Amino acid sequence: MTVDSELFMPKNKAPKMDDLDYIPVDLSPEERSELEDIRRRKGVLLQEIQRLREELREAILEVEGLETSTEGSKTLQKSRHVAMGRKKFNMDPKKGILFLVENELLRHTPEDIAQFLYKGEGLNKTAIGDYLGERDDFNIKVLQAFVDLHEFTDLNLVQALRQFLWSFRLPGEAQKIDRMMEAFAQRYCHCNPGVFQSTDTCYVLSFAIIMLNTSLHNPNVRDKPGLDRFISMNRGINDGGDLPEELLRNLYESIKNEPFKIPEDDGNDLTHTFFNPDREGWLLKLGGRVKTWKRRWFILTDNCLYYFEYTTDKEPRGIIPLENLSIREVEDPRKPNCFELYIPNNRGQLIKACKTEADGRVVEGNHMVYRISAPTPEEKDEWIHSIKSAVSVDPFYEMLAARKKRISLKKKEEQP
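In this text the structure is predicted, and so the values were computed from the model without any measurement.

A. Broad picture of the overall build of the chain. Scanning the chain from terminus to terminus reveals 14 helices and nine strands. Here the chain holds 416 residues, and 38% of them are scored as buried. Long-range contacts, defined as pairs at least 24 residues apart, comprise 58% of the intrachain contacts of the chain with a sequence gap of at least 6. When the accessible surface of the chain is totalled, it reaches about 24,800 Å², and 50% of it is carbon and sulfur.

Printed below as a string of structure tokens:
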């Protein structure tokens, strides 16, 4: 006779829900799969927590282990303080600078701080960009000193932008970008007098080049501008006159042949992107070509909506950039609590998005709208609110339009 061991198992030996190998017998296959996903994710999080604990322990040991008894130990102490200052800067730029200044490792002058950022040894380039973009008077002086360290003489505009944009990571806020690109334009014109009629021309053309780089090399952009359109877009920006076509052709070909290299920091990989999202959860998504509903794990972060097949996946199955999209509630006869992402005033164009096929190929999405169903009315409202907060218009276009309008008004005022 076979005896069921579970019936005669002592209470202190009974399996627990958090035992890695224990799976309750009354779970459905879907519930078993969900439990395995949760356990895998728990394991990943525990590993991350352990890694952070070890880093924290090392940092504490660096501080507590500092010795000051000999000249050799003073040198060691200084090196450790510098390393600590860099770590603090990467977590909070202002606190990092303050720590270095208080420990007499850095003078509190725009020139010294600019030099420290320009060398960039051990510094996170996103943190450099955030610090340089601040609007405080002192930070603006540091930005000016930082830009002055760049030598742009005899470089064409694309070459200068490559050098400039490699020294830090451009922040996302429109006002920060505006200040940094204004400083760049002034420096370029100072190093290359006579190339452009004004810094406004350099500013506008720089943005046009950055947007061209995105349009030509971002796989989500379907409409790739040709040389003629690039030339047409930049007519009249040289104080009302046109720039030489040869100049624009050379700039276009340079970007077409080699995209900008954007600095990547350890803190800007996908793991960091998804570590602290604006919102995440299970939703149903209606397919583009095949109109079936599929359950996907959605993550909202960095002005994009990512969706995964499983919560433990490291790479998303699809990415939906939210720039220039709107969201609305809709009724669907098959699913409750639905909302849609769509392009306002759409004239038959597809939303710029991408997805990964089963064979690993990355292809463009096939949606004029993305219809999504939430589990409950409350979750639907929360997703709509979160996405509305994240949806934005591309700041590059806004700033470029504002600068062109300013140039136009200035020209009108100068006319008799």
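Resuming the write-up.
B. Just the side chain of Asn234, in detail. Tracing the backbone through its elements, the reader meets Asn234 in the loop between helix 10 (227–233) and helix 11 (245–257). Here the side chain of Asn234 touches Phe230 through a polar contact of 2.8 Å, landing on its backbone oxygen. With residues near it in sequence (within four places) discarded, Asn234 still touches Leu205, Ala208 and Leu248.

C. Representation of the sheet that holds strand 6 (residues 338–342) in the model. Spatially, the nine strands line up as an open sheet ordered 5-6-9-1-2-3-4-7-8, and their pairing is antiparallel. The sheet is open, and its two edges are formed by strand 5 (326–330) and strand 8 (362–364), each paired on a single side. Neighbour to neighbour, the strand axes of the sheet diverge by 30 degrees on average, direction disregarded. The pairing of strand 6 with strand 9 (residues 369–373) spans five bridges and is classified as antiparallel. Within strand 9, the position partnered with Tyr342 by the bridge is Val369. Where helix 13 (residues 377–390) meets the sheet, its contacts fall on strand 1 (279–286), strand 2 (293–301), strand 3 (304–308), strand 5 and strand 6, and the angle it forms with strand 1 comes to roughly 105 degrees.

What counts as what
Residues numbered from 1 in each chain as written. Predicted model: local features only at pLDDT ≥ 70, side-chain atom pairs only at ≥ 80, totals over all residues. Heavy atoms only, no water. Helix = DSSP H or I, 4+ residues; strand = E, 2+ residues; numbered from the N terminus. Buried < 20%, exposed > 50% of the residue type's maximum accessible area, 1.4 Å probe, protein only. Contact = heavy atoms within 4.5 Å. Areas by Shrake-Rupley, 256 points an atom, 1.4 Å probe, with all protein chains shown as cover. Polar contact = N/O pair within 3.5 Å; in protein donor to acceptor, adjacent residues only side chain to side chain. Pairing = 2+ DSSP bridges. Axes fitted to C-alpha atoms, helices over the stretch in contact; angles between N-to-C directions.

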